[in-house]
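Coordinate analysis (summary)
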Amino acid sequence: MDDLNGLRMCGLLGYNYTGFGVDDSKVRKSAKSFDQLVQKTEAGRCDVFLARYEILAGFKVAKGTDYLAGGMQAEPIPGNSGD
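Just so you know, these numbers come straight off a predicted model, no measurement behind them.

Reading the values: rules and limits
- Residues numbered from 1 in each chain as written.
- Predicted model: local features only at pLDDT ≥ 70, side-chain atom pairs only at ≥ 80, totals over all residues.
- Heavy atoms only, no water.
- Helix = DSSP H or I, 4+ residues; strand = E, 2+ residues; numbered from the N terminus.
- Buried < 20%, exposed > 50% of the residue type's maximum accessible area, 1.4 Å probe, protein only.
- Polar contact = N/O pair within 3.5 Å; in protein donor to acceptor, adjacent residues only side chain to side chain.
- Pairing = 2+ DSSP bridges.

**Structural notes on the environment of Ser25**
- Note on placement: Ser25 falls in the loop between β1 (9-12) and β2 (27-31).
- Here Ser25 falls in the exposed class, since its relative accessible area comes to 63%.
- A polar side-chain atom of Ser25 sits 2.7 Å from a polar atom in the side chain of Asp23.

**Some thoughts on the pairing of β1**
- Relative to β2, β1 runs parallel, the two being bridged by 4 bridges. Bridged to Met9 within β2 is Val27.
- Pairing of β1 with strand β3 (residues 48-49) involves 2 bridges; the strand directions are parallel. Looking at β3, one finds that Cys10 is bridged to Phe49.

What follows is the structure, encoded as structure tokens:
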């Protein structure tokens, strides 16, 4: 968890990320969409973006948008139960 808090974390504007077990004040929340989160990460403005895997999988099923394509990958946060 300490390693994660040392990374440049990004998230969606208006979201609260304490449920991920991270310091919410360290999450850069300026992206207005998942598209922007991916773009910011690919551009090197973020090391990681925080999102529930189920949400990303839902975009793939419902809209055909695979946010994990192009080298992105989902990793669970150690010690986080997902509550």
